[in-house]
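Observations on chain architecture
Listed below are the residues making up each chain.
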Amino acid sequence: MFATSVLYMRLCLFVSNLSTDFLLTSRTMKVVTLCVLAFALADIAAGDLPSPDRSYKILVLIPVAFKSHRNVFLPLVESLADRGHKIVMLVSLPPVFKHPNVTEINFEVPIPHINFFVEGKFLGSLPAVGEKLPKMARDLYQLPSVKMLYEKRKEFDLIIVDHMFNEVGYPFLHEVPFITIATPGMDYRQSAFLGNVLNPSYAPHLLHSFPLPLSLWQRIKNTFMHIYLAIFWRSWAVVPLIQKEISAQFPDLPPLLDIERNQSLTLMNTHFTITTPVPLLPSQVEVGAMHCRPGEPLPQDLESWLTGAGSTGVIYFSLGSVLRGEIPPEYLQFFLEAFQRLPQRVLWKYEGQLQGAYDNVRISSWFPQQDILAHHNVKVFISHGGLLSLQESIFHEKPLLVLPIFGDQPRNGMVVENSNIGRVLVWEELTADRIVDALNDIINNPMYKENVARMSASLRDQPTTPQERAVFWTEYVIRHRGAPQLRCPAAQLSWVEFLMLDVMGLLLLALLLLLFLIRRLLRAVSDVLFSDHSKKKTA
Ligand SMILES: *[C@@H]1O[C@H](CO)[C@@H](O)[C@H](O)[C@H]1NC(C)=O
Ligand SMILES: *[C@@H]1O[C@H](CO)[C@@H](O)[C@H](O)[C@H]1NC(C)=O
C-alpha cells in the first residue's frame, strides 16, 4: 500500500514535470493522473494486507438474494478466496464463481415477483417482498442441502449475511460469530440496534432523501417514516410471521431479532461522498463502491461502435437486473421516439423483443456495464437509480438520467438531483419530449459533468480501498473471536434507558417532591406568623 502510494506520488511528480516541460494540456494531465490513480486503486485491492495466520472457513449466507444484493458480496468473497480462505455461499441464484476456494450451494426459491408499475409503488415493494418470506422460512430448512449446511454451521469461523430481507437465515447465526453486509448502505434501523440511533432531524430514512436542511414538515414526515418502517417490518407485518415459522421448527432458538443484535460488525455499501454524512460506530464500516474498478477494453465491435459515434457521443440505457426489461409498451414508445429524435447513439440493455428501433439504437440483453461507463464517448447513463449503478456512474464520472422504480431508488434519484449530477424523471409523467429535453440538458450543460467529476474524485480519494477495508475487518472479527470490543453499550439498553426516560422521570418526581415540601414549609411558616390574624377571621 505504502509502496504503491509512493510510486503513485512519483508518477504524479513525473507527470507534472512533464506537463510544464512539454506544455501538456490540463485535460491530458487529468486523464493521465486518473489513469494512474485508477491503476493504483486496482493494484491494491487487498494485496498489501499482511497474510492471514491461517485459512479460515467462512459461510456467506444470502438465502433471499436479489442479484444486485448478491453482487455487493462478490468482490469481498473473491478477495477472501484469493487470500486462501475457504468460502461456502448459500444463495438462491445460479452460481457465478469458478474459484477453487469458493463452493456455491444454490437452490431454487423463486425470487418474489414484484409488479413495479402500480400506483403507490413507493412503499409497494417492501410489503411485496415481505409477504413471501414466511413461506420461505417454512420451506428453506426442508431442503436437504440447507439442512446439511445448518448441521455443520459451527464449523465455520465466521458467517457473513445480507442484513436485508434475510431474517429467514438467522437460525444459522446463533452462537457463531457473524457480520452483516448492509447492501442498501446506511439503514437507520440496523444502526439503532447496533447502538447508534440516528436523529431524524437530519438523517434520511431508507426510502427518502430530502435536500438538507429539512423543513419542519419534512422533519415530521422523516420522523414518522423512521418509526413506521421499523415497526412495520420488525414488529408487525413481516418478522413476527417469519418468527412463527422458525419457532415451529427450532423451538429452543432465541428470538430472531435477539440473534440479529449479536452481530459483530456491519460493512455498509455506502460512502459519505454519495449519502448524508452521519456519525458512525467502530462497528459500522463504509465499503461503498467496493465493486467499482477501472474499465477494461471492450470487445472490438462494441469499441468501434462507441468510437464511431464521434463527438456527439453515446447514451447508455439500463434499468438494472431486477426489472428484466418488462417496461409497459407505452413507455417503450416514448423511449423509441425520443432516441429517434436525438443525434446520439444509444446502447440499450433490454431483454425482450423491440420493434421499431432505429439504426442509432443497439440492443442487447447484457453489456459490460463498467467498461462501457468507463468509455470516454459515453455522455449519460439512463438508469433506474439502483445503488450499484449510481456508484458506478459516479466512479466513472458519468452524469445520470434516473427513472426510479422501487425501494431505495427514489432516494438515489434525489441524491442525483440534490447534488446536480443529473436529472430525474417520474414514470407517470413520462413523455418523449421530457426524455429529449432532459437528455439534451444533461449532455449540453457542462455543470452535470463537472459535478460528477468532483464527486468521483472525492469517492476515489481514500487511504485504503473499500475492498481492502472489507477484507481487513472481516479477518479482524475472526482473529478477535467475534470482536466484542467493537460493541457499543447503547445496544444493550432498552428504549426507556436509552432516552433516559427513567432518569428524567425520577428527576421530575424529585422536583415535584421538593416543590411539595417547600409549599408545606411555607404554609407552616405562614400559619405561625399569621395565626392570630386568621383566628380572628374564623371567629
Ligand atoms: C486457495 O486457497 C489455498 C489455501 O487454502 C491457497 O494456497 C490458494 O492460493 C488459493 N487459490 C487461489 C486460486 O487463490
Ligand atoms: C450471542 O453470542 C453469544 C456468544 O457467542 C452467545 O453466547 C449468545 O447465546 C448469543 N445470543 C443470541 C441471542 O444468539
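As annotated in an unreviewed UniProt entry, the chain carries the name UDP-glycosyltransferases domain-containing protein and is attributed to Scylla paramamosain. A UniProt comment under Sequence similarities (unreviewed entry) is attached to the chain, and it reads "Belongs to the UDP-glycosyltransferase family."

Quick look at the packing of helix α11 (residues 329–341) against helix α15 (residues 432–444)
Axis separation between α11 and α15 bottoms out at 8 Å; the angle between their running directions is 45°. On the basis of the axis angle, α11 is oblique to α15. With respect to the hand of their crossing, α11 and α15 are arranged in right-handed fashion. Residues Phe334, Phe335, Glu337, Ala338, Phe339 and Arg341 of α11 lie in contact with α15, whose contacting residues are Ala432, Asp433, Ile435, Val436 and Leu439.

Let's talk about the sheet that holds strand β13 (residues 422–424)
On the basis of which strands lie adjacent, the open sheet formed by 6 strands has the order β10-β9-β8-β11-β12-β13 and parallel pairing. If you trace the sheet from one side to the other, it starts and ends with β10 (361–364) and β13, each paired once. Direction aside, the axes of adjacent strands within the sheet are offset by 15° on average. As judged from the 3 bridges shared by strand β11 (residues 378–383) and strand β12 (residues 400–402), these two strands associate in the parallel manner. Pairing of isoleucine 382 across the sheet is with leucine 401, part of β12. Each of β8 (314–318), β9 (345–349), β10 and β11 is contacted by α11, which is oriented at about 155° to β9, the strand it contacts most.

Thoughts on the pattern of salt bridges
Counting across every chain of the model gives 16 salt bridges. Glutamate 245 is the partner of arginine 138 in a salt bridge, and the nearest nitrogen-oxygen pair spans 2.7 Å. Here the residue arginine 138 occupies a position in helix α4 (residues 121–140), and glutamate 245 occupies one in helix α8 (residues 239–249), the gap between them amounting to 107 residues. Close ionic contact of arginine 341 with glutamate 337 constitutes a salt bridge, the shortest N to O distance being 3.3 Å. Of this pair, arginine 341 and glutamate 337 are both found in helix α11, 4 residues apart, which corresponds to roughly one turn of the helix.

Notes on the sheet that holds strand β7 (residues 284–286)
Spatial strand order, β3-β2-β1-β4-β5-β6-β7: 7 strands in an open sheet with parallel pairing. Each of the sheet's edge strands pairs with one partner strand only, and the pair in question is β3 (102–106) and β7. Averaged over all pairs of adjacent strands, the angle between strand axes in this sheet comes to 20°, irrespective of strand direction. Bridge count for strand β4 (residues 158–162) against strand β5 (residues 178–182) is 4 bridges, and the pairing is parallel. Paired with valine 161 across the bridge in β5 is threonine 180.

Side note on the side chain of arginine 469
By secondary structure assignment, the location of arginine 469 is in helix α17 (residues 466–479). At 3.0 Å, the side chain of arginine 469 forms a polar contact with the backbone oxygen of glutamate 286. Look past the residues within four positions of arginine 469 in its chain and what remains in contact with it is Val285, Glu286, Val287, Gln462 and Thr464.

Digging into the packing of aromatic side chains
Considering all chains together, one arrives at 27 aromatic pairs under this definition. Ring plane angle 85° and centroid distance 5.0 Å describe the contact between tyrosine 141 and phenylalanine 250, whose orientation is recorded as edge-to-face. Highlighted residues: tyrosine 141 in the loop between α4 and α5 (144–151) and phenylalanine 250 in the loop between α8 and α9 (256–261), separated in sequence by 109 residues. Like tyrosine 141, the residue phenylalanine 250 is buried in the burial classification.

Details of the packing of helix α7 (residues 216–237) against α8
For the pair α7 and α8, interaxial distance at closest approach is 5 Å and the crossing angle is 30°. One way to sum up the angle between α7 and α8 is to call them roughly parallel. On α8, the residues touching Trp233, Arg234, Ser235, Trp236 and Ala237 of α7 are Val239, Pro240 and Leu241. Residues belonging to the contact of α7 with α8 are distributed by class as follows: 6 nonpolar, 1 polar and 1 charged.

Focus: the environment of glutamine 249
By the element assignment, glutamine 249 lies in helix α8. Put simply, glutamine 249 and tyrosine 141 are 108 residues apart on the chain and 8.5 Å apart in space, counted from C-alpha to C-alpha. Excluding residues that lie within four positions of it along the chain, glutamine 249 makes contacts with Ala137, Arg138, Tyr141 and Gln142. A polar contact of 3.1 Å, which involves the side chain of glutamine 249, links it to the backbone oxygen of glutamate 245.

Basis of the calculations
Residues numbered from 1 in each chain as written. Chains lettered and ligands numbered in written order. Predicted model: local features only at pLDDT ≥ 70, side-chain atom pairs only at ≥ 80, totals over all residues. Heavy atoms only, no water. UniProt positions renumbered as here; feature names shortened; annotations may be inferred. Axes fitted to C-alpha atoms, helices over the stretch in contact; angles between N-to-C directions. Helix = DSSP H or I, 4+ residues; strand = E, 2+ residues; numbered from the N terminus. Parallel < 35°, antiparallel > 145°, perpendicular 65-115°, else oblique. Left-handed = near helix turned anticlockwise from the far one by under 90°. Contact = heavy atoms within 4.5 Å. Pairing = 2+ DSSP bridges. Salt bridge = Lys/Arg side-chain N within 4 Å of Asp/Glu carboxyl O. Polar contact = N/O pair within 3.5 Å; in protein donor to acceptor, adjacent residues only side chain to side chain. Phe/Tyr/Trp six-rings, centres within 6.5 Å; stacked < 30°, edge-to-face > 60°. Buried < 20%, exposed > 50% of the residue type's maximum accessible area, 1.4 Å probe, protein only. Nonpolar A, V, L, I, M, F, W, Y, C, P; charged D, E, K, R; others polar.

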